[in-house]
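Residue strings, one per chain:
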Amino acid sequence: MKTRICTTFEEAIEDFPDGASLMVFCWGVSGTPQNLLQALRNKGTQDLTLITHNVMPAFVGKTVLWDVVTPFMMADQVKKLITAWPGMSYLGMESPMERRIREGKTALELVSHGILAERIRAGGAGIGGFYSPVGIGTLVEQGKEKRLLDDGREYLLEKPLTADFGFIRAHRADKLGNLVYRGGGRGCNPVMATACRTVVAEVDEIVEVGELDPDAIITPGIYVDRLVRVPEAGLGSARNRKELLARFQAQGKKS
Amino acid sequence: MKTRICTTFEEAIEDFPDGASLMVFCWGVSGTPQNLLQALRNKGTQDLTLITHNVMPAFVGKTVLWDVVTPFMMADQVKKLITAWPGMSYLGMESPMERRIREGKTALELVSHGILAERIRAGGAGIGGFYSPVGIGTLVEQGKEKRLLDDGREYLLEKPLTADFGFIRAHRADKLGNLVYRGGGRGCNPVMATACRTVVAEVDEIVEVGELDPDAIITPGIYVDRLVRVPEAGLGSARNRKELLARFQAQGKKS
Amino acid sequence: MKPRLLPEQVAARAALELKDGDYVNLGVGIPNLCASHLPAGIQVAFHAEHGVLGYGPLLPESEWGRADFDYVDAGLRFFRPRPGMAFCDMGQSFDMIRGRHLDATILGAVEVSGAGDLANWTFGVPESGGIGGSMDLAVGAKRVIIAMEHVTKQGKPKIVRHCKYPLTAKACVDLIVSDLAVIEVGADGLLLKEVAPGWTAEEVQALTEPRLVLDSNLKEIQV
Amino acid sequence: MKPRLLPEQVAARAALELKDGDYVNLGVGIPNLCASHLPAGIQVAFHAEHGVLGYGPLLPESEWGRADFDYVDAGLRFFRPRPGMAFCDMGQSFDMIRGRHLDATILGAVEVSGAGDLANWTFGVPESGGIGGSMDLAVGAKRVIIAMEHVTKQGKPKIVRHCKYPLTAKACVDLIVSDLAVIEVGADGLLLKEVAPGWTAEEVQALTEPRLVLDSNLKEIQV
């Protein structure tokens, strides 16, 4: 299917309904589709099933960057959460997501980082399930088939994950939707792009077809349904990152 | 573990014993570690378990390029073959490998291309097994657990594959063993590099650390044990490829 | 004998099933001809199993002096590089297939059954040829289109009640485009949608083992 | 109270376990300090879960003006780019871990049992923190080294008969380096190999729940 280039984030998610499932990666500022998340927050979409690695705000050192938009800010929109890191109490602060989980408003499915990535990969790659050596003898065993395989080790049967929408943050795209990433911002973005019915990517730059090195493309356009360019001062843009750092350094000097 | 740079192909495989298992990719001239294969042929190693996609010679149009070294040339060294394409009779020619299979000298495990790749990936990624939708109702079902999963589809349980040695063909390496590939020569090389105890890569060029773009490295050095540079006129080198084409074109004009 | 569609015409008719922007894998034989017979104005990205997406047209033999062995398709034929193409590893290539990301595959067939079972990877014993990527494609592509001759060289039906040859996949075929007809495989069996110019439904039925249901809007193939 | 090893000394002793060319993942806390206390002359490639291999040293706060948010470690700390580093996706990053490609991981612990069971991801209920990559690392790394304080802030043993806190993995720990001792986890239980300067085996045993077997070559920790 053809990749569509959208001019606004609102347009890119206009058909995102209440109750839909969403995959999104976040490693602080890096790899996080902040503009799409903000559009979804503004839209007020409810009852999300959210699949994400960590529900934490962005931080530098011990300072939280509250104006960086992450899944942490979306707690009241989430009905079900699948994650490896739901809470913040271990850092001395009960987070909104954690509170909702305790109050029974958000259901929690706890996974490890690696098994979350692998379940998403399985979802994107048409695998019905896989036997994982991770989590044997721990609480993630609950409700899962445990099996001794030929190699004499025990494994858990893990099921694939897919979602209705995937929000992707990449560095550059061409007009066919081929994507490249920058540094650790790659994260789980490429895997998530394979496992969602509608994949929307926000990128720093959209270049002409042929400008990306075909040997270096990480996510081929086959996986990408919609593209939006992050505006010059948009969330996560080069300028926005510079401002975040400058503001943070100024605070540091004051204190 | 540190990547070792070897000066000869012989040195790179000197500890390859009879009876070992080997993974190797081949797409004609492309992606095939011809020099390592030739060294193993010269060494005369016996009783190999060979894991490869196709046992076919290289060809252009309908002309076979007999001096391109592929697993096809190694039939008499192979005790067990795991492949998606063992024979050539469908092209009107019984191949040596096929003959050995018929004579019971080589055991055959037939797989599909995709499931072979996925089993190798599982081997490299510590997956105990996976449920595949491919092959239901066909002869690859034999001996495999068939299971109806939650989505109402039937799946086969497929087991991981690993090997003692992996021969890899890449384009460029740095001295840490980071690899990049060229075009379709990538093939199954990156997946095989994850699933073998000893991974030996032959490459067109070995560059200094830092010369490869970290966002474009396909196989990180963690997977690569030994490196050998293909000499200027070595098998599969730019010069060798040019000569193959020129010779082939000359033949074409004669006929 | 009455004229049938030429291989190029079968390919052109099959190619009509493709849409602008589709990602498609073509099998060997007639399917491969589809690349040169796309409907005007549509762009299709072709997928090759070993990890090539969106490659350009095949190099004519006169240009093999400029050929590049790393730019070959699944049949080892040289292609031209094309802006926007992408390479991936073979594992990722089959993830695309198995994960239902390819819009369509056009494959050849030895036999297709009335239930849409497909046999297309060997005429005989397993070791005489190979499965290749056919099982993965037949199971994984969103749409499986068969482009083939309607009968064998000996004139026997290739659309049969039950396949005799080793299967590629069960109930996987969506549409058959032959040199005589276009047939949709549905829950109720085979629906004859189009016949080759000059051919009647009865004549096509006579060369087809399972019973064909006639589409209410039966047409002549336009090529 | 008798002096114990400082966190930096624990890290330095744990880092002695690493070899030139190793690929290593470091957990938060004392383990992270190992990066700055490698033995002279060895190079180690550090792995971060989200897909970074071989990154450079952390940026001191004075250089945060040049920081890059795409160059952060697993704890969101800025690192310097380093020649030879490589990025991959998070799936591939965990393939490395689960597939036993990492030579070692050095992790912190809440508790370690005499059988090498590890608890290190939550002090309480599951939703209060997270598993992160700890379960994958504990199961997948070729060698699991724990670097920690020997007892809790309240002076209770952290090396226990049975873990009370939710487990990270069973029987996964190979070696414990604490501020009092170096203890190998073997098939026969815990082998006390080294004690901190000024400490006796008996004193270490008194702060350790399971019985320690004394290595025939018991030494003082050299830091």
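Residues numbered from 1 in each chain as written. Chains lettered and ligands numbered in written order. Predicted model: local features only at pLDDT ≥ 70, side-chain atom pairs only at ≥ 80, totals over all residues. Heavy atoms only, no water.

**Observations concerning the interface of chain C and chain B**
Many descriptions give the size of an interface as the accessible area lost when the pieces come together. Contacts between chain C and chain B engage 44 residues on the former and 53 residues on the latter. With both chains or domains summed, chain C and chain B bury close to 3800 Å², and 66% of this area falls on carbon and sulfur atoms. Across the chain C-chain B interface, the total number found is 5 salt bridges. Note that D68 of chain C and R182 of chain B form a salt bridge whose closest N and O atoms lie 2.5 Å from each other. Only α3 (90-98) and α4 (134-140) of chain C provide two or more residues apiece to the side of chain C that touches chain B. When residues in the side of chain C that touches chain B are grouped by element, the largest group, 6 residues, is from α3 of chain C. Broken down by class, the residue content of the side of chain C that touches chain B amounts to 22 nonpolar, 11 polar and 11 charged. (Contact = heavy atoms within 4.5 Å. Buried area = accessible area lost by both parts, 1.4 Å probe. Salt bridge = Lys/Arg side-chain N within 4 Å of Asp/Glu carboxyl O. Helix = DSSP H or I, 4+ residues; strand = E, 2+ residues; numbered from the N terminus. Nonpolar A, V, L, I, M, F, W, Y, C, P; charged D, E, K, R; others polar.)

**Re the confidence of the model for chain C**
Within chain C, residue pLDDT values average 95, and 100% of them lie at 70 or more. Listed scores for the predicted complex are pTM 0.97 and ipTM 0.97. (pLDDT = per-residue confidence, 0-100.)

**Focus on the nonpolar core**
Ranked by size, the top nonpolar core spans 281 residues in total, and within it L179 of chain A together with F167 and L179 of chain B carry the most contacts. A total of 6 residues in this core trace back to one element, the largest contributor, which is strand β11 (residues 163-174) of chain B. Those residues in contact with L179 of chain B, other than ones at most four positions away along the chain, are I168, A170, R172, A173, A201, V203, I217, I218, T219, V224 and L227 of chain B. (Core = buried A, V, L, I, M, F, W, Y, C linked by side-chain atoms within 4.5 Å. Buried < 20%, exposed > 50% of the residue type's maximum accessible area, 1.4 Å probe, protein only.)

**Some points on the relation of the copies chain A and chain B**
Expressed as a screw transformation, the operator carrying chain A onto chain B has a rotation angle of 180° and an axial translation of 0.0 Å, and the superposed copies differ by an RMSD of 0.0 Å. Such a turn and shift between the copies fits a two-fold axis. Identified as the residue of chain A closest to the rotation axis by C-alpha distance is F130 of chain A, at 2.0 Å. Looking at chain A, 100% of its interface residues are interface residues in chain B too, so the copies touch through the same face. (Least-squares fit on C-alpha atoms with pLDDT ≥ 70 in both.)

**Overview of empty space enclosed by the protein**
Applying the stated criterion across every chain yields a total of 8 cavities of 30 Å³ or more. Approximately 720 Å³ is the volume found for the largest cavity. What lines the largest cavity is a set of 40 residues, among which D89 and Q92 of chain C together with D89, Q92 and D95 of chain D lie closest to the centre. Those elements giving two or more residues to the lining of the largest cavity turn out to be α4 (113-124) and α5 (189-193) of chain A, α4 (113-124) and α5 (189-193) of chain B, α3 of chain C together with α3 (90-98) of chain D. (1 Å grid on protein atoms, 1.4 Å probe; cavity = no way out; pocket = protein on both sides within 12 Å on 5 of 7 lines; lining within 4 Å. Points joined across faces, edges and corners; volume = space filled by probe spheres on them.)

**Here we look at the interface of chain A and chain B**
Counting residues at the interface gives 24 residues for chain A, matched by 24 residues for chain B. Between chain A and chain B lies a buried interface of about 1800 Å² when both sides are counted; carbon and sulfur atoms form 42% of it. Taken together, the connections running from chain A to chain B amount to 6 salt bridges. Linking chain A to chain B there are 17 residue pairs in polar contact (both at pLDDT 80 or more). Mapped by element, the contributors of at least two residues to the side of chain A that touches chain B are α4, β8 (129-132) and β10 (154-158) of chain A. It is β8 of chain A that provides the largest number of residues to the side of chain A that touches chain B, a total of 3 residues. Residue composition of the side of chain A that touches chain B, grouped by class: 11 nonpolar, 4 polar and 9 charged. Summarising the sheet, β8 of chain A and strand β8 (residues 129-132) of chain B pair through 3 bridges and their orientation is antiparallel. (Polar contact = N/O pair within 3.5 Å; in protein donor to acceptor, adjacent residues only side chain to side chain. Pairing = 2+ DSSP bridges.)

**Focus on the pairing of strand β12 (residues 189-195) of chain D**
Residue and element names in this part refer to chain D. Direction of pairing for strand β11 (residues 181-186) relative to β12: antiparallel, over a ladder of 6 bridges. When the sheet's bridge partners are listed, A181 is paired in β12 with V195. In sequence, β11 turns back onto β12 through a hairpin of 2 residues. You can see the chain leave β12, run along helix α5 (residues 201-206) and come back into strand β13 (residues 212-220), and the turn it takes is right-handed. (Right-handed = clockwise from strand over helix to strand, strands pointing away.)

**Let's talk about helix α2 (residues 34-43) of chain B**
Every α-helical turn comprises 3.6 residues, leaving residues that sit three or four positions apart pointing alike. Residue and element names in this part refer to chain B. Of the positions making up α2, those classed as buried are Q34, N35, L36, L37, A39 and L40. Where α2 is buried, its residues contact α1 (9-12), β2 (21-24), β3 (48-51), β11 and β13 (196-207). Remark: G44 follows α2 within two positions and exhibits a positive phi of approximately 75°.

**Things to note about the pattern of salt bridges**
Within this structure, the stated rule accounts for 76 salt bridges over all chains. With a shortest N-O distance of 2.8 Å, E194 of chain C and R13 of chain C are connected by a salt bridge. Taken together, the positions of E194 of chain C in strand β12 (residues 189-195) and R13 of chain C in helix α1 (residues 7-15) put the pair 181 residues apart, joining distant regions of the chain. The same class applies to E194 of chain C and to R13 of chain C, which are both buried. Among the ionic contacts, a cluster of salt bridges with common partners joins E94, E98, R99 and R102 of chain A together with E127 of chain D.

**Regarding the sheet that holds strand β6 (residues 111-113) of chain C**
Residue and element names in this part refer to chain C. An order of β7-β6-β9 is seen for the 3 strands of this open sheet, with the pairing classed as mixed. Both outer strands of the open sheet, β7 (118-119) and β9 (159-160), are each paired with one neighbouring strand and no more. Relative to β7, β6 runs antiparallel, the two being bridged by 2 bridges. Its bridge partner being in β7, E111 is matched across the sheet by A119.

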